[in-house]
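Inside the fold
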Amino acid sequence: MNPLNTRSKADRVYRRLLARIRKGEYNFGEKLSSVAISKELGVSRQPVMAAIMLLQAEGLLHVTPQVGCNIVTPSAREILDFFELFAVSEGLLARFAATRGAADALSQLRAAEERLSAVPYVGKLSHTYGTYARRFHGVIHQMSGAPELRVRVESLWGLGDFYLNTAKSGVRAEDVQAEHDERRLIVDTIAKKHADEAEDSMRAHIRRKLYRIGPGRDLGELPSSDRDDPGK
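Residues numbered from 1 in each chain as written. Predicted model: local features only at pLDDT ≥ 70, side-chain atom pairs only at ≥ 80, totals over all residues. Heavy atoms only, no water.

**Some details on the environment of L41**
Note that L41 resides in helix α2 (residues 34–41). Judged by its relative accessible area of 11%, L41 falls in the buried class. Separated by 28 residues in sequence, L41 and V13 place their C-alpha atoms 7.5 Å apart. With residues near it in sequence (within four places) discarded, L41 still touches R12, V13 and R16. (Helix = DSSP H or I, 4+ residues; strand = E, 2+ residues; numbered from the N terminus. Buried < 20%, exposed > 50% of the residue type's maximum accessible area, 1.4 Å probe, protein only. Contact = heavy atoms within 4.5 Å.)

**Some points on the packing of aromatic side chains**
Evaluation of the coordinates by the stated rule reveals six aromatic pairs. Between F82 and F83 the ring centres are 5.1 Å apart and the planes differ by 90°, which places this aromatic pair in the edge-to-face class. Taken as a pair, F82 and F83 share a single burial class, namely buried. Look at F162 and Y163: their rings are 5.6 Å apart centre to centre, the planes differ by 35°, and that puts the pair in the tilted class. For the pair F162 and Y163, one class covers both residues: buried. Put simply, the rings of F28, F82, F83, F86, F162 and Y163 touch in pairs and so form one group of aromatic residues. A cation sits over an aromatic face here: R100 above F96, 3.9 Å from the ring centre. (Phe/Tyr/Trp six-rings, centres within 6.5 Å; stacked < 30°, edge-to-face > 60°. Lys NZ or Arg CZ within 6 Å of the ring centre and 35° of its normal.)

**Observations regarding the sheet that holds strand β3 (residues 68–71)**
Backbone-to-backbone hydrogen bonds pair the strands of a sheet. The strands run either parallel or antiparallel. Taken in spatial order, the three strands line up as β1-β3-β2 in an open sheet, and their pairing is antiparallel. At either margin of the open sheet sits one strand with a lone partner, and together these are β1 (31–32) and β2 (61–64). As judged from the four bridges shared by β2 and β3, these two strands associate in the antiparallel manner. Paired with T64 across the bridge in β3 is G68. Each of β2 and β3 is contacted by helix α3 (residues 45–57), which is oriented at about 120° to β2, the strand it contacts most. (Pairing = 2+ DSSP bridges. Axes fitted to C-alpha atoms, helices over the stretch in contact; angles between N-to-C directions.)

**Some remarks on the environment of F83**
Within the element layout of this structure, F83 appears in helix α4 (residues 76–100). A sequence separation of 123 residues divides F83 from I206, and the C-alpha atoms of the two residues are 7.3 Å apart. Setting aside chain neighbours within four positions, we find F83 in contact with G160, Y163, L164, I206, K209 and L210.

**Structural notes on α3**
A turn of α-helix holds 3.6 residues, and therefore any two residues three or four places apart point the same way. The terminal C-alpha atoms of α3 lie 18 Å apart, and with 13 residues this matches the ideal 18 Å at 1.5 Å per residue to within 8%. Burial in α3 covers these residues: P47, V48, A51, I52 and L55. End-on, the buried residues of α3 take up no more than an arc of 140°, which puts them together on one face. Exposed residues pointing more than 90 degrees away from the buried face of α3 are listed as Q46 and A57. (Expected span 1.5 Å × (residues − 1). Arc of directions from axis to C-beta.)

**Structural notes on the confidence of the model for the protein**
Overall, the predicted model of the protein reaches an average pLDDT of 87, with 88% of residues at or above 70. Confidence drops under a pLDDT of 50 for residues 220–232, and excluding neighbours within four residues, the segment shows 20 contacts in the predicted structure. (pLDDT = per-residue confidence, 0-100.)

**Structural notes on the layout of surface pockets**
Quantified by volume, the largest pocket comes out at close to 1,000 Å³. Contributing to the lining of the largest pocket are 32 residues, with R22, S126, G130, D161 and N165 lying nearest its centre. For the lining of the largest pocket, the elements supplying multiple residues, two or more each, are α1 (3–23), α4, α6 (127–144), α8 (157–167) and α10 (195–211). For the lining of the largest pocket, the per-class residue count stands at 12 nonpolar, 11 polar and nine charged. Taken as a whole, the second largest pocket spans an internal volume of roughly 210 Å³. Taken together, 16 residues line the second largest pocket, and the ones lying closest to its centre are S34, R45, M49, G68 and C69. At the level of elements, β1, α2, α3, β2 and β3 are the ones that each hand at least two residues to the lining of the second largest pocket. The biggest single contributor to the lining of the second largest pocket is α3, with four residues. Taken together, the residues of the lining of the second largest pocket break down into nine nonpolar, five polar and two charged. (1 Å grid on protein atoms, 1.4 Å probe; cavity = no way out; pocket = protein on both sides within 12 Å on 5 of 7 lines; lining within 4 Å. Points joined across faces, edges and corners; volume = space filled by probe spheres on them. Nonpolar A, V, L, I, M, F, W, Y, C, P; charged D, E, K, R; others polar.)

Below, the structure is given as C-alpha cells:
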C-alpha cells in the first residue's frame, strides 16, 4: 500500500473522529470499535488505528492493548484545572490586546461581537454560535501581537469543546445573555486599554463555561474553596 495514501486515510479518519468527539457525539467512557469505524468509513484498520493513536496522544482516547479504546472519562479535578488554565491563558491574550492592539482592529472586534450576539438562541447553542465565538476570540488573539502564545491557546479550544459538549449540560437563556454582556465588557475594556480589567473580564468569561453551563456546575466532591468562582 502507498504510504502516502495510508497517511491520507489516517488523517481523514482522525479528522472525522475528532469532530465527533468535540461535538459530544460520544459519552465519557464510551467504547469505540476500530472494526466498526473501518466498515463505516470504508478503510482498513491500519489508518483507523493510526488515527486512534493520535487521539490518544491528545488525551481524548484511552487505549488498552488487546482490549480496545474508550473515550476518556476526566475527573472533576482535571476539568477544573483545564478551565483554569484556559481562563488564565485567554485572559493574558486579552491583556495584550488591550495594551498592544491597533485602534483600527477595534471595529473588527465590535463587528465580531455583534454578529455573535445576533445568533438566535433556540433552546441550545447552534454550530453558528460556536463558529462566531471562535472568530471573536480570534480577533483578540490577533490584536495581542503574541503569535506563539496564540497558537498554544487555540490548541486548547478542542479539548474545551470536548469537555463541555460531552457533559451535555443544558444551556439556559440567561447564561447566553450573560455571555453576551461579558463579551461587550471585554470589548469596552480593550478599547479603553484597561489591561487589568480586560484580563479579569476574560478570565471570568471563560470560567462561566465551566461553572455556569459546563461540567463544573456540580463539583460536589471538590473542597468548597476549589469551587469559588472569582468571576462572580
